[in-house]
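Given next are the chains, with one letter for each unit.
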Amino acid sequence: MENYDVVVIGAGVLGLSAGYSIARQGARVLILDKGRVGYEASSRAMGFQSLRGENPPEIPLAAVANDLWHTLDEELGYPTEWTPSGRLWVALNDEELADFRRTAALWQSHQLPVRMIDAAEVRELVPALTDRVVGGLFTERGGHANPQRTTQAFGWACRDRGGIIRELTPALGIEVRQDRVVGVRTTAGIVGAKSVVICAGPQTPLLAKSIGIDVPLVAARLEACITAPVPPLFSTAMVANGLSVRQTGRGNILFCGGPHEWVDVDLTSEPAKPTSAIVQGEARRLLELLPNLKSVPLLRTWAGIVEVSPDHACILERAKAPEGLIIASASGHGIGLAPALGRVIGELALGAAPSIPVESLSLDRFASLSSDWASERRWVAGEYNT
Ligand SMILES: Cc1cc2nc3c(=O)[nH]c(=O)nc-3n(C[C@H](O)[C@H](O)[C@H](O)COP(=O)(O)OP(=O)(O)OC[C@H]3O[C@@H](n4cnc5c(N)ncnc54)[C@H](O)[C@@H]3O)c2cc1C
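About the criteria used
For every chain, the first residue of its written sequence is number 1, and the numbers climb from 1 along that sequence. Totals for whole chains, interfaces and linings use every residue, but because this is a predicted model, local features are given only for residues with pLDDT of at least 70 and side-chain atom pairs only at 80 or more, for both listing and counting. Based on all heavy atoms of the structure, the side-chain values leave hydrogens and waters out of the count. Segments assigned H or I by DSSP are reported as helices when at least four residues long, segments assigned E as strands when at least two residues long, and all are numbered from the N terminus. Surface accessibility follows the Shrake-Rupley procedure with a 1.4 Å probe radius. Residue values consider only the protein chains on display as shielding. Asp and Glu count as negative and Lys and Arg as positive, but His and the ends of the chain are not part of the count. In this description, the location of a charge corresponds to atom NZ of lysine, CZ of arginine, CG of aspartate or CD of glutamate. Here a helix's expected span is defined as the number of its residues, less one, multiplied by 1.5 Å. Fitting one axis to the seven residues ending at a residue and another to the seven starting there, the bend at that residue is the angle between the two axes. A 1.4 Å probe rolled over the protein chains alone gives each residue an accessible area, and that area as a share of the maximum for its type sets the label: buried under 20%, exposed over 50%, partly exposed in between. Nearness is judged by heavy atoms alone; a residue qualifies as near a molecule or strand once a single heavy atom is within 4 Å of it. N or O atoms within 3.5 Å of each other form a polar contact, as long as, within protein, one can give a hydrogen and the other can take it, and as long as residues adjacent in sequence are counted only when both atoms are side-chain atoms. Throughout, the ten residues Ala, Val, Leu, Ile, Met, Phe, Trp, Tyr, Cys and Pro are labelled nonpolar, Asp, Glu, Lys and Arg are labelled charged, and all others, Gly among them, are labelled polar. Two residues form a contact once any of their heavy atoms are found within 4.5 Å.

Help me get a handle on the overall build of the protein, residues and values and all.
Summing up its helical and strand segments, the protein has 11 helices and 19 strands in all. Overall, the protein is about 65 × 45 × 40 Å in size when its C-alpha atoms are taken along their principal axes. In the form shown here, the protein has an accessible surface area of approximately 15,800 Å², with 51% of it arising from carbon and sulfur atoms. Here the protein holds 36 positive side-chain charges and 42 negative ones, and the gap between their average locations is 4 Å.

Quick look at the structure:
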């Protein structure tokens, strides 16, 4: 039987970033995926890196991630298209503006570098915006990257340092002996491991459940769209009119927005990702925001499935039992946090103390969660909400 220090289940950006950080320390790591590297949410995302002010326990992770992003291309040896151009939230009416003022005050109380800006400053950042703009919230920190290239970069860098990535090899369960993980059961047999990391995106709860651990995550389909390239319009990562919008290095306008469409997934197959009516709503909102794009062709739309936790925050759990098991989920914002999450997951998997405070992201915080929490919120397959 093959044996590794760590087997990681899931070759998305989290698994690959963790695998990279484990391999870099000289440990033997195998990353398994039921499909291809980065084929699920990780290559379908927008690529925003944010402050995570909406979830204070994640602020330290976001701060470390931000620092790491600045040197990530040199560190990994491959390009991520990182654009450190800050983040802008645009208010189109007074109600949104009042909301942003409350947000700014709250985030400033956590020492986050955000400030309110007036309509003229917003339009300096994005001159093509509708004249309905009344103001905005801005931070110079953060930026955006190409999620597909970032994921691939972690994968290549992991391989360069001796990590092994095995595609088309679904994990079926975790092997446990005397309350310790000893390996992973796959469609190609059992591989031995001293530690196992489950970061299988929406399939994470299914794998954890097979050894009796409840992980409160539900799956949702998100849809993104991209236009044909246009001349440079703006460089910041923008949130406005219910959309996240950025312009790629090639000039395409990439955008996506809610609502979440809650879906069911199974353990080994690729989830269905049809394009739905959500796209029409997204395209309408983009034209309200940037009216000059009216005659620019929409090139492509696609869907990706993310898993979401009850408080929308990451889950980072080093299980008490069985020993050697790590469970990790980014709860729908894993690209931006990937450099920091990979580092911490690697530390947890190798039995080290985490270098970033993540205790409050463990499963303990859900101890009093009702077993019906997802249906109480209507976060169930067939419903649309956020
Ligand atoms: C449209 C869209 C926009 C987004 N925008 C942003 C953004 O702007 N910023 C941001 O930070 N995040 C964003 N996200 C979220 C981000 O993409 C995810 O949080 C992140 O990619 C999660 O990475 P992951 O590695 O945990 O999961 P995934 O990328 O889902 O990877 C999990 C992997 O596990 C594999 N797997 C599952 N089951 C098994 C099994 N049984 N055996 C083996 N392998 C298995 C899957 O095949 C998959 O490759 C967006 C997502 C979408 C869909």
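Go over helix α10 (residues 334–349) with me, naming the residues and quoting the values.
Between its first and last C-alpha atoms α10 spans 18 Å; for 16 residues at 1.5 Å apiece the expected length is 22 Å, and the helix comes up short by more than 12%. At Ala340, α10 shows its largest kink, close to 45°. With respect to burial, α10 is a largely interior element, 15 of its 16 residues being buried. The first or second residue beyond α10 is Gly351, which carries a positive phi of 80°.

Just give me the short version of the site of the ligand, but keep the residues and values in it.
Around the ligand, the structure places 35 residues, and the nearest of them are Asp33, Ser42, Ala171, Gly334 and Gly336. Between the ligand and Gly47, the relevant distance is 3.2 Å, taken from an oxygen atom to a main-chain nitrogen or oxygen of the residue. A distance of 2.9 Å separates an oxygen atom of the ligand from a polar backbone atom of Phe48. Look at the ligand: alone it shows 1,000 Å² of surface, and the protein chains cover 97% of it. Going through the elements one at a time, α1 (13–24), α2 (41–44), β12 (218–227), β16 (298–308) and α10 are the ones with two or more residues in the shell around the ligand. The residue makeup of the shell around the ligand, split by class, is 20 nonpolar, 11 polar and four charged.

Lay out the side chain of Lys34 in plain terms, naming residues and giving numbers.
Relative to the helices and strands, Lys34 resides in the loop between β2 (29–32) and α2. Of the residues examined, Lys34 reaches a relative accessible area of 19% and is grouped as buried. Among the polar contacts listed, one links the side chain of Lys34 to the side chain of Glu40, at a separation of 3.2 Å. Among all residues touching Lys34, those that are not within four sequence positions of it are Glu40, Leu168, Thr169, Pro170, Gln203, Leu267, Thr268, Ser269, Glu270 and Pro271.

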